[in-house]
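What follows is each chain in one-letter form.
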Amino acid sequence: MLLADAESQLRDLLDIRIRLTGKRSRLVELKKSIGQIDESDRSAFAQAVQALERDIVSALETGEARLTERINELKIERERLDVTIPGRRPRTGHLHPITILRQKIEDIFVSMGYAIEDDREIETDYYNFDALNIPDGHPARESQDTFYTTDGFALRSQTSTVQIRAMERRGVPLRVIAPGRVFRRDTPDMTHVPMFHQIEGLCVDKGITMAHLKGTVTEWLKRLFGEDTVTRFRPSYFPFTEPSAEFDFSCFVCHGSGTSNGDRCRPCKGSGWIELGGSGMVHPNVLRAVGVDPTVYSGFAFGFGLERMAALMYNIDDIRHMFENDVRFLKQFK
Ligand SMILES: [Zn+2]
């Protein structure tokens, strides 16, 4: 029996008591009528009425007592706490695959003596373009590529802006990496999203050459993917580096062979190489913009996107999954 049922039955029983024994009940009518009974029958009639009243009252009291007892039992039952039942295990959170990868890379660079820098995501035209040697009229300044906020301000389209801020704040020599979000006017599809993450690296000192760039990029990729990782640099063009190079590394699945388990290797599409990012020697104009003499100091910079790298490493076929925050997707990564 449920507590609510028992309580409802007790209320019904109190109604019945009023109906059977109350002022307007049949029983009270009978008691009032005793005086009108013939004297010869009156005593027997009165005894019969009293016996009837005793039976009714006793039956009602027994019922009430039983119900009250049951209600008390049910209340104790309801409030009882079984301390031996095991607790419900709280759901543990997981780091986002982008965070996992970013932290791994940060650890590698910190161990190589780099500081981690971060800065604002809305930048002025000066930090977005001018200081990075991107001239007026350059396609990167077009509003179909860049998210302009108010006049003269835009969401940064690359973490290179942090290079300028870091050199202004820390001076040279310096070694920093800048992980952060960047924004581009792209229509989302399997391989493009309008907001993604980049890591930018910058090293400026006396006597820094392209060899330091190649050595550094190769070293951190070896630490991430294994000692047999090979890198290659292909000449390219960026306004803020001269000379500039794109860099690739040997595929971490097929180790450069292009085949895995007899099939065309998926991450490198059978080429054996994975294209990762851009790099180069910091353009003298960029150094001049922060008051560093390019005849005394030189530096290298490199940058790459995290989403594409994470997609390859974790076998994610559509990078949009990384922004949907579906727990079923996220909890696969530890
Ligand atoms: Zn491969």
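Residues numbered from 1 in each chain as written. Predicted model: local features only at pLDDT ≥ 70, side-chain atom pairs only at ≥ 80, totals over all residues. Heavy atoms only, no water.

Turning to the overall build of the protein, a few remarks are in order. Looking only at helices and strands, one finds ten helices and eleven strands in the protein. Against the compact-globule benchmark of 20 Å for 334 residues, the protein has a radius of gyration of 42 Å, which places it well outside the compact range. Once local pairs closer than 6 in sequence are excluded, the contacts in the protein between residues at least 24 apart make up 68%. With an accessible surface of roughly 19,500 Å², the protein has 50% of that area assigned to carbon and sulfur atoms. Counting 45 positive and 49 negative side-chain charges, the protein places the centres of these two groups 3 Å from one another. (Helix = DSSP H or I, 4+ residues; strand = E, 2+ residues; numbered from the N terminus. Rg over C-alpha atoms; globule rule 2.2 N^0.38 Å. Contact = heavy atoms within 4.5 Å. Areas by Shrake-Rupley, 256 points an atom, 1.4 Å probe, with all protein chains shown as cover. Lys, Arg positive; Asp, Glu negative; His and termini not counted. Charge placed at Lys NZ, Arg CZ, Asp CG, Glu CD.)

Running from amino to carboxyl end, helix α4 (residues 97-111) crosses helix α9 (residues 306-313) at an angle of 105°, the nearest separation of the two axes being 10 Å. With respect to each other, α4 and α9 are oriented roughly perpendicular. Of the residues in α9, those touching α4 at I98, L101, R102 and I105 are L306, E307, M309, A310 and M313. The class makeup of the residues in the contact of α4 with α9 is seven nonpolar, no polar and two charged. (Axes fitted to C-alpha atoms, helices over the stretch in contact; angles between N-to-C directions. Parallel < 35°, antiparallel > 145°, perpendicular 65-115°, else oblique. Nonpolar A, V, L, I, M, F, W, Y, C, P; charged D, E, K, R; others polar.)

The next thing to look at is α4. In this model, α4 (15 residues) spans 21 Å end to end at C-alpha, consistent with the 21 Å of a helix rising 1.5 Å per residue. The positive-phi residue at the C-terminal boundary of α4 is G113, with phi of around 90°. (Expected span 1.5 Å × (residues − 1).)

As a further point, take the coordination of the zinc ion. Coordination of the zinc ion by the protein is provided by C251 (SG), C254 (SG), C265 (SG) and C268 (SG), with metal-donor distances spanning 2.2 to 2.3 Å. Seen from the zinc ion, its four donor atoms lie at angles of 106 to 117°, and the figure they make is tetrahedral. Positions of the donor residues of the zinc ion along the chain correspond to the pattern C-x2-C-x10-C-x2-C. Linking C251 in the loop between β7 (241-250) and β8 (259-260) with C265 in the loop between β9 (263-264) and β10 (273-282), this pair joins segments that are 14 residues apart in sequence. For C251, a relative accessible area of 1% translates into the label buried. The class for C265 is buried, based on a relative accessible area of 1%. (Donors = N, O, S within 2.8 Å, 3.2 Å for Na, K, Ca; no water. Tetrahedral: all angles 85-135°; square planar, octahedral: opposite > 155°, others 65-115°. Buried < 20%, exposed > 50% of the residue type's maximum accessible area, 1.4 Å probe, protein only.)

Once that is clear, we can look at the domain arrangement of the protein. The domain boundaries assigned to the protein delineate domain 1 (3-79) and domain 2 (97-330). Computed over C-alpha atoms only, the centres of domain 1 and domain 2 are separated by 89 Å. (Domains from an automatic or database assignment.)

In this description, an aromatic ring pair is defined by two values, namely the gap between the centres and the angle between the planes. Evaluation of the coordinates by the stated rule reveals 13 aromatic pairs. Plain terms: the ring middles of F109 and W220 are 5.7 Å apart, the flat faces sit at 50° to each other, and that makes the pair tilted. Linking F109 in helix α4 with W220 in helix α7 (residues 210-225), this pair joins segments that are 111 residues apart in sequence. Comparing F109 with W220, the two get one shared label, buried. The interplanar angle of 15° and the centroid separation of 6.2 Å between the aromatic rings of F238 and F240 together place this pair among those described as stacked. Note on F240: relative accessible area 12%, which makes it buried. For the cation-ring pair, R165 lies above Y127, with the distance from its terminal atom to the ring centre recorded as 3.5 Å. (Phe/Tyr/Trp six-rings, centres within 6.5 Å; stacked < 30°, edge-to-face > 60°. Lys NZ or Arg CZ within 6 Å of the ring centre and 35° of its normal.)

Turning next to the nonpolar core. Among the nonpolar cores identified, the biggest contains 47 residues, and I105, W220, L221, F302, F304 and M309 are the most heavily contacted of them. Not counting the four nearest positions on each side in its chain, L221 is found in contact with G226, T229, T231, F247, F249, L276 and M309. Counting residues in each nonpolar core, the second largest holds 20 residues, with F129, I134, L174 and V282 among its members. (Core = buried A, V, L, I, M, F, W, Y, C linked by side-chain atoms within 4.5 Å.)

Looking along a regular strand, one sees side chains alternate from face to face of the sheet. Burial runs high along strand β4 (residues 174-183): eight of the ten residues are buried. The pairing of strand β1 (residues 115-116) with β4 spans two bridges and is classified as parallel. The residue bridging A115 from the neighbouring strand is V176, located in β4. Sheet topology note: the β4/strand β5 (residues 195-205) ladder contains ten bridges and is antiparallel. In the sheet register, G180 faces β5, and the bridge partner there is Q198. (Pairing = 2+ DSSP bridges.)

Should the charged atoms of two oppositely charged side chains come close, the side chains can pair. As enumerated under the stated definition, the model contains 23 salt bridges in all. With a closest N to O distance of 2.8 Å, R165 and E123 form a salt bridge. Note that R165 is positioned in helix α6 (residues 161-170) and E123 in strand β2 (residues 122-124), a separation of 42 residues in sequence. On the basis of relative accessibility, which here comes to 12%, the residue R165 falls in the buried class. One salt bridge connects R223 with E219, and the closest N-O pair in it is separated by 2.8 Å. A residue pair is termed a helical-turn pair when its members lie 3 or 4 positions apart in one helix, as R223 and E219 do in helix α7 at four residues. Assessed through its relative accessible area of 30%, E219 is described here as partly exposed. Through salt bridges with shared partners, a single network forms among E117, D119, R120, R169 and R170. (Salt bridge = Lys/Arg side-chain N within 4 Å of Asp/Glu carboxyl O.)

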